[in-house]
Amino acid sequence: MSADTNALDAPVTSLKGVGEALRLKLARLRVESVADLLFHLPLRYQDRTRITPIGTLRAGHEAVVEGEVSASEVVKGRRRSLLVRLRDGSGIISLRFFHFSPAQQQQFRSGARVRCFGEARAGATGLEIYHPEYRLLTSDTAPVEDHLTPIYPTTEGLHQARLRALIEQALERHDAAPEALPDWIPSELRQRFALPELHQALHVLHQPPPDADPERLASGRHPATRRLALEELLAHRLSLREVRLRIQQDGAPGLPSGRGLQTRFLTQLPFSLTGAQRRVLDEIGSDLAREVPMLRLVQGDVGSGKTVVAAMAALAAIAGDCQAAMMAPTEILAEQHYHTFKAWFEPLGIEVAWLSGKLKGKARLDTKAAILDGRARMVVGTHALFQGDVHFQRLGLAIIDEQHRFGVHQRLALREKGEAGGLTPHQLVMTATPIPRTLAMSAYADLDVSIIDELPPGRTPVKTVVVPDERRPEVVTRIRHACAEGRQAYWVCTLIEESDALQCQAAEATRDELTEALPELAIGLVHGRMKATEKAGVMDAFKHGELDLLVATTVIEVGVDVPNASLMIIENPERLGLSQLHQLRGRVGRGSTESFCVLLYHGPLSAHSRERLAVMRETTDGFRIAEKDLELRGPGEVLGTRQTGLAQMKIADLERDADLLERIPSLAEALLAGHPEASRPLIRRWLGDEAGRYGQV
Ligand code: ADP
Ligand code: MG
């Protein structure tokens, strides 16, 4: 590494005047090295490159004006202030100071020439600028700024001017040694995508020429910003590719065929697999046969039958003398999977174990022992499964259900689990969050994707109605009728507050109210604050038909499967995202009777909410709903913060840069083919230590 490279990689403390206190403030902005300063981009710009005639100013304009003081006085109003009248040939404006010194009063003598900068606003005397930045001019030719003035995001105790000066220092260093910050996007690719070169892009962004359009720059649509956004998106994709390559360098147990066991399993199932399930199983089968870890995502809409696909894959592992594990994001779902797998596998002589964080004492020790000595062939649980103190005898397949609740880190932690046996387990990731294709390609760049695009036959689509809260009594009657016919119902309570406690309280109140209104029904309650065993007890009772109506918080959002439930009431649906509503609604419509979902809203609804709820009424297609969700809420929300980190990018914006996102896969391939050496430094530049961590696990 040359001395020049060090100049930009060096910590910020290598800059003039940066000590420990300032280092800490910069660290809050995620700025640690001199190069980080270069990638700390302005939020917006001020134009101080020209003097605006006073007569053309409008309220809300930020501008430099210059003129002659025509009068100056201290006025008494509600607050004492110094009012300076300034005029040029075109008009007149007032400068108003609420804090001022006698010396300032002296400065603004009639006839003095002043240049100032600030935002014009409508005031008592016409247009006024409060507390402008100003200086008195002695000659007529004082220069204006030669580039637009950047305004940076900053942090408490760090002044804009100080930050600006530091970034100027960083730019100077970069100018002195442009090669210290290599442009890893090769020129032929740059030309293909009409992108400026890195050094030039950084200059434009920090010191835009006077003719640059500040709006365009700040909105991120300028080629210079797009160039950086593209680089960042590319770095994210490369890092996921890297994760994949590293995992696939390890060996995995080859699991050529579990056919005997799988056939026995299928014959005991009350249904046959759909074409889509069989196709996806073929794809999984050929992955499992290879001695390279499978990294496959199965996407399938709510109710498409992913669990049985997971079970078939698990049987291949078990037939190959390995263990299989399935991780679910909530206790309730994990517990339910446990019961499903027990019912399916025990008749085949396969021991199924259950592990969650709440399993304690001797039960926990026993389960861990069974996992370690291999008696437990199939293990179901929450993320507790993949914590440090759980050791498998020989884990061949790890299944992660409802992947949108987990991040890339948890998936990577799996790699360690296999290491005890010297092999890395195959990974099967399942999700019902159908995200649009370009987003999926970016979020899951490390995974192969299979899609179950067919629902099991005989399902009648759920009918959805949107009903105001005033019609609650009718809704209660509807529950009475459904239950009288032997059907079951869910009542889901939502609250806008993040607070678990409040949400549970609301659910309790609703349970009490419904118990009073429907005394003939057996009504149960589940919420997030109950003990795991309590929750499991209630879910069990509901599943076995001992309860008619289940009042729940959104804890039942994922995966819960009670085919006899055919009515769902969702209170305050306007507070949830569309994909979440779709997940919830997917709890009904699992049997062959016609199912209903009542969206019980609290009026008045905004036009936006009305539009969202209309989408739910019009379609049950998860992909359409996801697309609408994306359109209405933006990708950050849809993907969730726990996703791959895609939602927390520095410069790129998945929505604004959607067109770039589409080019990323081909650009990444081109880069890896022609310039593989660029991959690592790009990842480091944009993902820093995090990328290092991905690489190591
Ligand atoms: P999801 O994809 O949402 O996880 P599940 O695996 O919970 O869906 O399946 C939903 C319901 O459909 C379950 O009751 C399951 O037993 C049933 N099921 C799955 N596959 C089929 C099929 N091929 N034919 C009929 N029912 C099926
Ligand atoms: Mg499921």
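Please refer to the structure higher up on the page.
Residues numbered from 1 in each chain as written. Chains lettered and ligands numbered in written order. Predicted model: local features only at pLDDT ≥ 70, side-chain atom pairs only at ≥ 80, totals over all residues. Heavy atoms only, no water.

**Here we look at a nonpolar patch on the surface**
Here's step 1: Taken together, the side chains of Val449, Ile451 and Phe623 make up a nonpolar region of the molecular surface, amounting to roughly 210 Å² of accessible area.
Here's step 2: Structurally, Phe623 is set in helix H22 (residues 622-633).
Here's step 3: Relative accessible area serves as the criterion here: at 32%, Phe623 is assigned to the partly exposed category. (Patch = residues over 30% accessible without salt bridge, like charges linked within 9 Å, V, L, I, M, F, W, Y side chains within 5 Å. Areas by Shrake-Rupley, 256 points an atom, 1.4 Å probe, with all protein chains shown as cover. Salt bridge = Lys/Arg side-chain N within 4 Å of Asp/Glu carboxyl O. Helix = DSSP H or I, 4+ residues; strand = E, 2+ residues; numbered from the N terminus. Buried < 20%, exposed > 50% of the residue type's maximum accessible area, 1.4 Å probe, protein only.)

**Points about the side chain of Gln277**
Here's step 1: Topologically, Gln277 is positioned in helix H11 (residues 275-289).
Here's step 2: We classify Gln277 as buried; its relative accessible area is 3%.
Here's step 3: Of note is the side chain of Gln277, whose polar atom sits 2.8 Å from the backbone nitrogen of Thr274.
Here's step 4: The residues touching Gln277, leaving out its near neighbours within four places in the chain, are Ser304, Gly305, Val308, Val309 and Ile452. (Polar contact = N/O pair within 3.5 Å; in protein donor to acceptor, adjacent residues only side chain to side chain. Contact = heavy atoms within 4.5 Å.)

**Some points on the site of ligand 1**
Here's step 1: Surrounding ligand 1, one finds 16 residues, the nearest of these being Gly303, Lys306, Thr307, Arg459 and Asp561.
Here's step 2: The separation between an oxygen atom of ligand 1 and a polar side-chain atom of Thr307 is 2.6 Å.
Here's step 3: Within the complex, the protein chains bury 87% of what would otherwise be the 570 Å² of accessible surface of ligand 1.
Here's step 4: Here the residues of the shell around ligand 1 are counted per class, giving four nonpolar, seven polar and five charged. (Near = heavy atom within 4 Å. Nonpolar A, V, L, I, M, F, W, Y, C, P; charged D, E, K, R; others polar.)

**Concerning the pattern of salt bridges**
Pairing between side chains of opposite charge can happen when their charged atoms approach one another.
Here's step 1: Within the structure shown, the criterion is met by 34 salt bridges.
Here's step 2: For Arg244, the salt bridge identified is with Asp448, shortest N-O distance 3.0 Å. In this pair, Arg244 sits in helix H9 (residues 223-249) while Asp448 sits in strand E15 (residues 448-452), placing the two residues 204 residues apart along the sequence.
Here's step 3: For Lys368, the salt bridge is made with Asp389, and the minimal N-O distance between the two is 3.0 Å. In this pair, Lys368 is assigned in helix H14 (residues 361-373) and Asp389 in the loop between strand E12 (378-381) and strand E13 (395-400), connecting sequence segments 21 residues apart.
Here's step 4: Under the relative-accessibility criterion, Asp389 is labelled partly exposed at 35%.
Here's step 5: If you follow the salt bridges from partner to partner, you end up with Asp183, Arg190, Arg227, Glu231 and Arg685 in one network.

**A few points about the packing of aromatic side chains**
Here's step 1: Counted according to the given criterion, the structure contains eleven aromatic pairs.
Here's step 2: The rings of Phe265, Phe341, Trp344 and Phe345 are connected pair by pair, giving a single aromatic cluster.
Here's step 3: Sitting over the face of the ring of Phe98, Arg79 holds its NZ or CZ atom 4.3 Å from the ring centroid.
Here's step 4: Residue placement shows Arg121 over the ring face of Tyr130; its charged tip is 3.9 Å from the ring centre. (Phe/Tyr/Trp six-rings, centres within 6.5 Å; stacked < 30°, edge-to-face > 60°. Lys NZ or Arg CZ within 6 Å of the ring centre and 35° of its normal.)

**What to know about the nonpolar core**
Here's step 1: By size, the foremost hydrophobic cluster in this structure holds 60 residues, and its most contacted members are Leu26, Leu37, Leu228 and Leu234.
Here's step 2: Elements with a minimum of two residues in this core: helix H2 (20-28), helix H3 (34-38), helix H5 (160-176), helix H7 (198-206), H9, helix H24 (658-674) and helix H25 (679-696).
Here's step 3: Ranked by residue count, the leading element in this core is H9, at eight residues.
Here's step 4: Once residues within four sequence positions are removed from consideration, Leu26 is found in contact with Val12, Val18, Val31, Leu37, Leu158, Leu163 and Leu166. (Core = buried A, V, L, I, M, F, W, Y, C linked by side-chain atoms within 4.5 Å.)

**Concerning helix H21 (residues 607-618)**
Here's step 1: In this model, H21 (twelve residues) spans 16 Å end to end at C-alpha, consistent with the 16 Å of a helix rising 1.5 Å per residue.
Here's step 2: Of the positions making up H21, those classed as buried are Ser609, Arg612, Leu613, Ala614, Val615 and Met616. (Expected span 1.5 Å × (residues − 1).)

**Some points on the sheet that holds E15**
Here's step 1: Taken together, the seven strands give an open sheet; going across it, the order is E11-E12-E10-E13-E14-E9-E15, and neighbouring strands pair in parallel fashion. Sheet topology places strand E11 (352-355) and E15 at the edges, where each strand pairs with a single neighbour. Direction aside, the axes of adjacent strands within the sheet are offset by 20° on average.
Here's step 2: Here H14 sits on the sheet in contact with strand E10 (323-327), E11 and E12, set at roughly 130° to E11. (Pairing = 2+ DSSP bridges. Axes fitted to C-alpha atoms, helices over the stretch in contact; angles between N-to-C directions.)

**A closer look at the packing of H9 against H24**
Here's step 1: For the pair H9 and H24, interaxial distance at closest approach is 9 Å and the crossing angle is 60°. Relative to H24, the element H9 is oriented oblique. Once H9 is placed against H24, the crossing between them reads as right-handed. Seen from H9, the contacting residues are Arg226, Ala229, Leu230, Leu233, Leu234, Arg237, Leu238 and Arg241; seen from H24, they are Asp659, Leu660, Leu661, Ile664, Pro665, Leu667, Ala668, Glu669, Leu671 and Leu672.
Here's step 2: Across the contact of H9 with H24, the residue classes break down as 13 nonpolar, no polar and five charged. (Parallel < 35°, antiparallel > 145°, perpendicular 65-115°, else oblique. Left-handed = near helix turned anticlockwise from the far one by under 90°.)

**Some details on the pairing of strand E14 (residues 426-431)**
Here's step 1: The buried count for E14 comes to six of six residues, which makes it a mostly enclosed element.
Here's step 2: By the alternation rule, side chains of E14 split into His426, Leu428 and Met430 and Gln427, Val429 and Thr431, which are all buried.
Here's step 3: Relative to E14, strand E9 (residues 295-300) is paired through five bridges, and the arrangement is parallel. Its bridge partner being in E14, Val298 is matched across the sheet by Met430.
Here's step 4: One ladder, built from four bridges, connects E13 with E14; its direction is parallel.

**What about the sheet that holds strand E21 (residues 596-601)?**
Sheets are built from strands paired through backbone hydrogen bonds, the pairs being either parallel or antiparallel.
Here's step 1: Sheet architecture is open: six strands sit in the order E16-E21-E20-E17-E19-E18, paired in parallel fashion. Edge strands, defined here as strands with exactly one partner in the open sheet, are strand E16 (463-468) and strand E18 (523-526). The average angle at which neighbouring strand axes cross in this sheet is 20°, direction not considered.
Here's step 2: Pairing of strand E20 (residues 565-571) with E21 involves five bridges; the strand directions are parallel. Bridging across to E21, Ile570 finds its partner in Leu599.
Here's step 3: Sitting on the sheet, helix H19 (residues 532-543) is in contact with strand E17 (488-492), E18, strand E19 (549-552) and E20, with an inclination near 140° to E18.

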